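# Understanding the architecture of this molecule
Each chain is listed here by its residues.
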Amino acid sequence: MPSLQSTLDDEGVADELAAGQRAISIAEFFEKNKHMLGFDSGARGLVTAVKEAVDNALDATEEAGHLPDIYIEIEEVGDYYRLVVEDNGPGITSEELPKVFGKLLYGSRFHKREQARGQQGIGISAAVLYSQLTSGKPAKITSRTQGGEAKYFELIIDTDSNEPEVSVDETTTWDRPHGTRIELEMEANMRARSQLRDYVKHTAVVNPHARIELREPNGEFKAERATDQLPAETEEIRPHPHGVELGTLLKMLDGTDSYSISGFLQGEFTRVGKTTAANVGEAFTDRHYGREMAWRTPTDTNALEEAVAEAVVNKGKEPTDEFARRVADAIVEHDRLAHHELATLVERAAGATTDEMGTTFGDTVQEKAVAAAWEIVREDRTADLYGLADEATSTRKDSGVIESFAERLAAKFEGGRDRLRRETLEEYVKRAAEMTVEREEVSFGETARENVTEALWDTARPVPDDPPNVTAVAADRDTASALLDAMRETDIIAPPTDCLSPITADLVRSGLEKEFDADFYASATRDAGVHGGDPFIVEAGIAYGGDLPAEGGVELLRFANRVPLVYQRGACATTDVLKGIGWRNYGLDQPGGSGMPNGPAVIMIHVASTNVPFTSESKDAIANVPAIEDEIELAVREAARELKSYLKKRRSMQQRQEKQDVLGTILPEMADKLADVTEREELQIDDSLARIMNNVLVERHVDDHRVKLVVENHSGTNESPELTEIVSAEPTSVSDGARIVEMDGEWFIKWSPEVGSDSETVLEYELADESEFDLDVAGIASEKLTVNA
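Residues numbered from 1 in each chain as written. Predicted model: local features only at pLDDT ≥ 70, side-chain atom pairs only at ≥ 80, totals over all residues. Heavy atoms only, no water.

Moving on, we come to the pairing of strand 21 (residues 706-713). Taking burial as the measure, the 8 residues of strand 21 include 6 buried ones, the bulk of the element. As paired strands, strand 20 (residues 696-703) and strand 21 are joined by 8 bridges and run antiparallel to one another. Residue pairing across strands places His701 opposite Lys708, the latter belonging to strand 21. Summarising the sheet, strand 21 and strand 26 (residues 759-767) pair through 8 bridges and their orientation is antiparallel. (Buried < 20%, exposed > 50% of the residue type's maximum accessible area, 1.4 Å probe, protein only. Helix = DSSP H or I, 4+ residues; strand = E, 2+ residues; numbered from the N terminus. Pairing = 2+ DSSP bridges.)

Right, here's the structure in full:
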């Protein structure tokens, strides 16, 4: 059978193909590709729906200044599961609510450079879409703004148009004064119960200001608030010059109202003031126009005067000679001159001569004088280049090789103003070096070439030309690329962090302490970095020991903008970074020396950004962006160093305790034997044990009604123990520095002396009546303390 192509001519085939083309809506696309949004199974779909609803709730409540109070309920209803999520946020107006829940890619945050959990305007509407696709039922939404009536909607998404279809729109009653409630029925299952609970628990870790309650068919989970402190408010910022890409820059250039590059930079970017804009402008003109070579000036003025005088005609001998003398004198006062600098000197000399002698030296005369003087200035450029190359290259280079190189390089500058871009200069040096290597059969390597290029570029002068205006830059891709390179090269202060709301190191620690029972906690918050014009901050936390499982790998908690990342751990930059760290150096077991470490530990990583680079629309993993990976590693290592110190100290204390236990067993036996042999009273071993172990020894001595506490420091450093003596009678004549508190018939005497190494302190008080004593010593590890009281 003949094919379609064989039965139609070329035009017919094109028409046939064109007839089959049609646009599709984003909703229709995701209807067939729901796995891209995290709805690829019933188990995961339920977790993703909870995640999207809770993320929206947290954002809404925080923006309104409310401490989040979020309720999640999952109930099995026939063949489906019903999901309900309520919050105490500000509510949503009746006009906006259908679009928020019933239109994909609709939201307020996509164009803002400001940290938010939601960014794309897909999440909650994708959950609505998944619900209607699997159950055929509409989303049921109740919302109430402060002081308004509660509104109830039922809606679905028209996937052909990506628009909401509202079937119910009515006023209702609701006990919350403000907030939003969404109810979805969907095809789902509870096989991912552990991931669901992990999501809620981990959300509580990084949102310690939130109260979250989860009710599901097999139990409940509640996370109470650990703080009443809301996250810092964020402010929208402009992009940072170091992260903008060429296409974005072209779009910004095309859309700006600024005429000049300086005005554009100051008006469109953050951290760019007048000085920074000028620095970028200088780097830009270097790339756009290049620089002018500045040649060493001659010391003999005669040749300069003669050349300038010969270039001047019809001005009279005396004025001409005076003009030529002024030009020559001005030139030799400078060590080096570029063409535009020479032109300025000639212009000044012409003006001074005109003022003094009345003869005008116009533009044409000045141009001829500049050309004549320029030839004299640059005629010894071979020797000049020899000196620069000789100084820039290794002392092992033969002078003949340098001379040959300089001659060939000088030949590249055959005339004109000697203005060139850096890449042209690099090519000149490269060709001269290659010819020298070929002809002289010597070495002239990359390092030598780079050094010579750098030396010549440093002596060249920036040109005085004004940079092209915004319109000209926007119209030429290469010119815009030169501006982009100049922006990236210029040192610019890191972007402000007002647009970000990191958890902070203290609250990272508080969150871990609230949800994990461990012996040790550490946290770190890095300074802001930049990626793609967007600032970001990385935070890390570690919990170790306690009730954490001792077997198997550590538990990794991944977060982006305070949102737990539940799935795709293996595809996440955080996991890759952790695997690349040598954890044995920090005290954790790491089989094979690479990969995830083992041990009773939880490692938490949080990336806060105005635009987190996720690997997909489902927002389950952070992309491998080098700048972000570097900051993740630095943050984790900062917290891990604290863990290393803790484990090292703990091992030291364990060894010390073992040694002390052995001595505590041996010394009494030795004391008994000595007492038997010498027939003397048995020795007190506490003092000896303290000296051997370099401990702090605390002893109580009672003489009649006088009580002494003797603190002997046998360690190598100063110690500041906190001693609390509890007595059942009122003390008098108490040593200076004590605080006395009476409570329920007991007196607490508290001292905090500083005891120097190999010294002692005596603390005294008197009692009128007999009393019971109880001493508590804090501030010193028990392994370094011996108490005989």
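A word on the sheet that holds strand 28 (residues 785-788). One open sheet holds the 5 strands; their spatial order is 23-26-21-20-28, and the pairing between them is mixed. One side of each edge strand has no neighbouring strand; the edge strands of this open sheet are strand 23 (731-732) and strand 28. Here strand 20 runs beside strand 28; their pairing, made up of 4 bridges, is parallel. In the strand pairing of strand 28, Leu697 is matched with Thr786.

Looking now at the packing of aromatic side chains. The full count for this structure, using the stated rule, is 9 aromatic pairs. Residues Phe405 and Phe444 carry aromatic rings whose centres are separated by 4.6 Å and whose planes lie at 25° to one another, so their mutual orientation is stacked. With Phe405 in helix 16 (residues 399-411) and Phe444 in the loop between helix 17 (422-440) and helix 18 (446-459), the pair connects residues that are 39 residues apart, well separated along the chain. On the basis of relative accessible area, Phe405 is assigned to the buried category, the value being 0%. Looking at Phe444, the relative accessible area reads 2%, which means it is buried. Centroid distance Phe520 to Tyr646: 4.7 Å. Interplanar angle 20°. Geometry classified as stacked. Placement of Phe520 in strand 14 (residues 520-525) and of Tyr646 in helix 23 (residues 626-678) is noted, with a sequence separation of 126 residues between them. What links up through ring pairs into an aromatic cluster is the set Trp295, Phe413 and Tyr428. The aromatic ring of Tyr567 is capped on one face by Arg44, whose charged end is 4.6 Å from the ring centroid. (Phe/Tyr/Trp six-rings, centres within 6.5 Å; stacked < 30°, edge-to-face > 60°. Lys NZ or Arg CZ within 6 Å of the ring centre and 35° of its normal.)

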